[in-house]
Amino acid sequence: MTVDLDPEEFRRLGHAVVDWIADHRAGLDALPVQPGVDPGWVRARLPAELPEDPAPLDALLDTVDRVVVPASTLWQHPRFFGYFPANASLHSLLGDMLSGALGAQGMLWSTSPAATEVEQVLLDAFAAALGLDPAFTFAGRGGGCIQDSASSGALVALLAALHRAEPRWRETGVGGDERVYVTAETHSSLAKAVRVAGLGARSLRVVDAAPGSLGMDPDALAAALAADAAAGLRPVLVCPTVGTTGTGAIDPVRQVAEVAREHGVWVHVDAAWAGVAALCPEFRHLLDGVELADSLSTNPHKWLLTAFDASLLWVRDGAALPAALSITPEYLRNTASESGTVVDYRDWQVPLGRRFRALKLWAVVHGTGLSGLRSHIREHVALAAKLADRVRADPAFELAAEPSLALVCLRVVTGAGPDADDAASREVLTRVNASGTAFLTHTVAGGRYVIRVAIGAVTTGPEHVDQLWDRLRAEAAAMLHQRQGNSQPGSPRHLR
Ligand SMILES: *Cc1c(COP(=O)(O)O)cnc(C)c1O
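In this text the structure is predicted, and so the values were computed from the model without any measurement.

What counts as what
Residues numbered from 1 in each chain as written. Predicted model: local features only at pLDDT ≥ 70, side-chain atom pairs only at ≥ 80, totals over all residues. Heavy atoms only, no water. Helix = DSSP H or I, 4+ residues; strand = E, 2+ residues; numbered from the N terminus. Expected span 1.5 Å × (residues − 1). Buried < 20%, exposed > 50% of the residue type's maximum accessible area, 1.4 Å probe, protein only. Contact = heavy atoms within 4.5 Å. Pairing = 2+ DSSP bridges. Axes fitted to C-alpha atoms, helices over the stretch in contact; angles between N-to-C directions. 1 Å grid on protein atoms, 1.4 Å probe; cavity = no way out; pocket = protein on both sides within 12 Å on 5 of 7 lines; lining within 4 Å. Points joined across faces, edges and corners; volume = space filled by probe spheres on them. Nonpolar A, V, L, I, M, F, W, Y, C, P; charged D, E, K, R; others polar. Domains from an automatic or database assignment. Near = heavy atom within 4 Å. Polar contact = N/O pair within 3.5 Å; in protein donor to acceptor, adjacent residues only side chain to side chain. Areas by Shrake-Rupley, 256 points an atom, 1.4 Å probe, with all protein chains shown as cover. Sits in = over half its atoms within 2 Å of the grid points. Salt bridge = Lys/Arg side-chain N within 4 Å of Asp/Glu carboxyl O. Core = buried A, V, L, I, M, F, W, Y, C linked by side-chain atoms within 4.5 Å. Parallel < 35°, antiparallel > 145°, perpendicular 65-115°, else oblique. Left-handed = near helix turned anticlockwise from the far one by under 90°. Buried area = accessible area lost by both parts, 1.4 Å probe.

(A) Geometry of helix α14 (residues 418-435). For α14, with 18 residues, the first-to-last C-alpha span of 26 Å sits near the 26 Å given by 1.5 Å per residue. Within the sequence span of α14, burial applies to Asp421, Asp422, Ala424, Ser425, Val428, Leu429, Arg431, Val432 and Asn433. Against β9 (407-412), β10 (441-445), β11 (448-454) and α15 (462-483) lie the buried residues of α14. Phi turns positive, to about 75°, at Gly436, one or two residues after α14.

The following block contains the structure:
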């Protein structure tokens, strides 16, 4: 006797859920991108106690419709331009269902050989498709794995770097003299990795940007490494970024890696958002110099159509992560692991258990082909270039940075100076988001407020970027009119 659905009942209910998904996706364009709910709105609408008795699926779907969807920011909406995209293509949902169907734990090769080997094959094949040095493949004695996030990838890279710098680290823990090098634009996950690893914020060294750029200055890095080494400190890891989260800035990976190598420092390249663009030959230069790095991460769960979570991490030395992370209690011992001929992915990550994530990534590339992935990226880059041209041509706006792939950073120009421009930009962003017609987020770069337009949702097309641009201009004009004394939009002051 099981309390679970019998497979025939699952078939019926599963069809209803698939219908719900298809209807939801087909109807996204008509919904507001961001809900207008106050904190507590959802909690007030849910029963505080768990049901004692079984209830039908219809009631659950009804609650999703009434409570969950109206309080959801719709990341799959074609006019979602915030943060970076979190593509959850329908292809990937199909693959995720298969993974859920197997329900396997891929912690060891022996706990489900396919979960490990499909992932190995995919990671080697993606390395080739991205133009990575074959040293990052299993065939080349490196290897890749799918982490839950780039944050986890950075953490395990740091642990491998600590281990390489001082193998006794596993017994003694960190010494407190380790140093990690980033820039002001580096993702906060590096600071978090440093904290989780027990290093403390003083271990984090923020290297200056090259003059007139947001990218790490290799000379400043060289000076910092030399000064720290001379002071008896231990540089362990340098993290150049390809496509920073704020503005899409790109650190000079080759020069950074050349400098780091002189000090034997681990180089972890964070290409979480932008790295996947290297599938297109014309963007492969973004990963120039990565062949000198020790590890690289990039996230199909951002722009590459794959539902969260799927972050690819490659290492040049396939033994580095197990050396740092492997701990084998008796109950995990097995002949395959002891033979040394298999990869046990539990040794490449923090948790023991792991999902069969490769199936959803495989379903994506199977369903779209590399050609489909490339056209997805190319279309968004082209839309960003067109939007940037419009910004350049409109005196009411300016680019806050040159567009980086599909990220456009802009601000409103008032003619009343930088502070007024920053305030106006903030207000226009608030107005656009409040309208529900599009969703944008911001950053501060070089001390200035920046509206970020991150193009990349699965279904975003030219019309959606047109609609965003029209909305930006309309909100900027409406704000100006309001500031000029509540005149009606469209009636210039001198006519009143
Ligand atoms: C998004 C992002 C991250 C963090 O990604 P997660 O997978 O959510 O941990 C790290 N670095 C960069 C550059 C990012 O854009």
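(B) Just the sheet that holds β11, in detail. Taking strand neighbours across the sheet as the criterion, the 4 strands line up as β8-β9-β11-β10 in an open arrangement whose pairing is antiparallel. The sheet is open, and its two edges are formed by β8 (397-399) and β10, each paired on a single side. The average undirected angle you get between the axes of adjacent strands in this sheet is 40°. The sheet contact formed by β10 and β11 spans 5 bridges and is antiparallel. Looking at β11, one finds that Ala445 is bridged to Arg448.

(C) Representation of the layout of surface pockets in the model. Considering only enclosed or pocket space, the largest pocket measures out at about 410 Å³ in volume. Surrounding the largest pocket, 25 residues form its lining, Tyr83, Phe84, His187, Thr245 and Lys302 being those nearest its centre. No other element matches β10, which puts 3 residues into the lining of the largest pocket. Here the residues of the lining of the largest pocket sort into 9 nonpolar, 13 polar and 3 charged. Split by domain, the lining of the largest pocket shows at least three residues from each of two domains, domain 1 (104-355) and domain 2 (366-486).

(D) Molecular detail of unusual backbone geometry. At the junction of Phe308 and Asp309, the peptide bond is cis and its omega measures out at 10° in the coordinates. The phi dihedral of Arg141 is positive, around 75°, even though this residue is not glycine. When you line up the elements, Arg141 lands in the loop between α4 (113-129) and β1 (143-147). Non-glycine residue Leu305 carries a positive phi angle of around 70°. Relative to the assigned elements, Leu305 resides in the loop between α10 (300-303) and β7 (311-315).

(E) The arrangement of the site of the ligand in detail. In the neighbourhood of the ligand, 14 residues make up the surrounding shell, with Ala150, Ser151, Asp270, Asn299 and Lys302 lying closest. Between an oxygen atom of the ligand and a main-chain N or O atom of Ala150, the distance comes to 2.7 Å. One of the side-chain N or O atoms of His301 is found 3.1 Å from an oxygen atom in the ligand. The fraction of the free accessible surface of the ligand (380 Å²) that becomes covered by protein chains is 88%. Using a 2 Å cut-off from the grid points, one finds that the ligand occupies the largest pocket. At the level of elements, α5 (150-165) and α10 are the ones that each hand at least two residues to the shell around the ligand. A breakdown of the residues in the shell around the ligand according to their chemical character gives 3 nonpolar, 9 polar and 2 charged.

(F) Local environment of the pattern of salt bridges. Under the defined criterion, the tally for this structure stands at 32 salt bridges. The closest approach of N and O atoms between Asp309 and Arg357, which form a salt bridge, is 3.2 Å. Remark: Arg357 occurs in the loop between α12 (335-339) and α13 (358-393) and Asp309 occurs in the loop between α10 and β7; sequence separation between them is 48 residues. Overall, Asp309 belongs to the buried group, its relative accessible area being 10%. Owing to a relative accessible area of 7%, Arg357 belongs among the buried residues under this scheme.

(G) Representation of the nonpolar core in the model. Counting 92 residues, the largest nonpolar core has Phe126 and Trp314 as its most contacted members. A per-element tally of this core places α13 first, with 13 residues. The two domains that each donate at least three residues to this core are domain 1 (104-355) and domain 2 (366-486). Apart from the residues lying within four places of it in its own chain, the contact partners of Trp314 are Leu123, Phe126, Ala127, Leu130, Leu132, Phe136, Gly143, Gly144, Asp294, Ser295, Leu296 and Thr298. Core analysis: the next-biggest nonpolar cluster, separate from the first, contains 32 residues, Val180, Leu199, Leu313 and Ala320 among them.

(H) Region of interest: the packing of α13 against α15. It is the contact of α13 with α15, at a shortest axis distance of 10 Å, that shows an interaxial angle of 25°. With respect to each other, α13 and α15 are oriented roughly parallel. For the pair α13 and α15, the crossing hand works out as right-handed. Contacts between α13 and α15 pair Glu379, Leu383, Lys386, Leu387, Arg390 and Val391 from the former with Pro462, Val465, Asp466 and Trp469 from the latter. For the contact of α13 with α15, the class distribution of residues is 6 nonpolar, no polar and 4 charged.

(I) Quick peek at the domain arrangement of the protein. Taken domain by domain, the protein holds domain 1 (104-355) and domain 2 (366-486). Placing the centre of domain 1 and that of domain 2 at their C-alpha centroids yields a distance of 32 Å. Carbon and sulfur atoms supply 74% of the area that domain 1 and domain 2 bury against each other, a total of about 1,700 Å² over both sides. A per-residue breakdown of the area domain 1 buries against domain 2 is headed by Thr247, Trp303 and Leu305, which together make up 37% of the total. Linking domain 1 with domain 2 are 1 salt bridge, by the criterion used here. A salt bridge links Glu282 to Arg378; the shortest N-O distance between them is 2.6 Å. The interface formed by domain 1 and domain 2 contains 7 residue pairs in polar contact (both at pLDDT 80 or more). In terms of residue class, the side of domain 1 that touches domain 2 is made up of 15 nonpolar, 4 polar and 1 charged.

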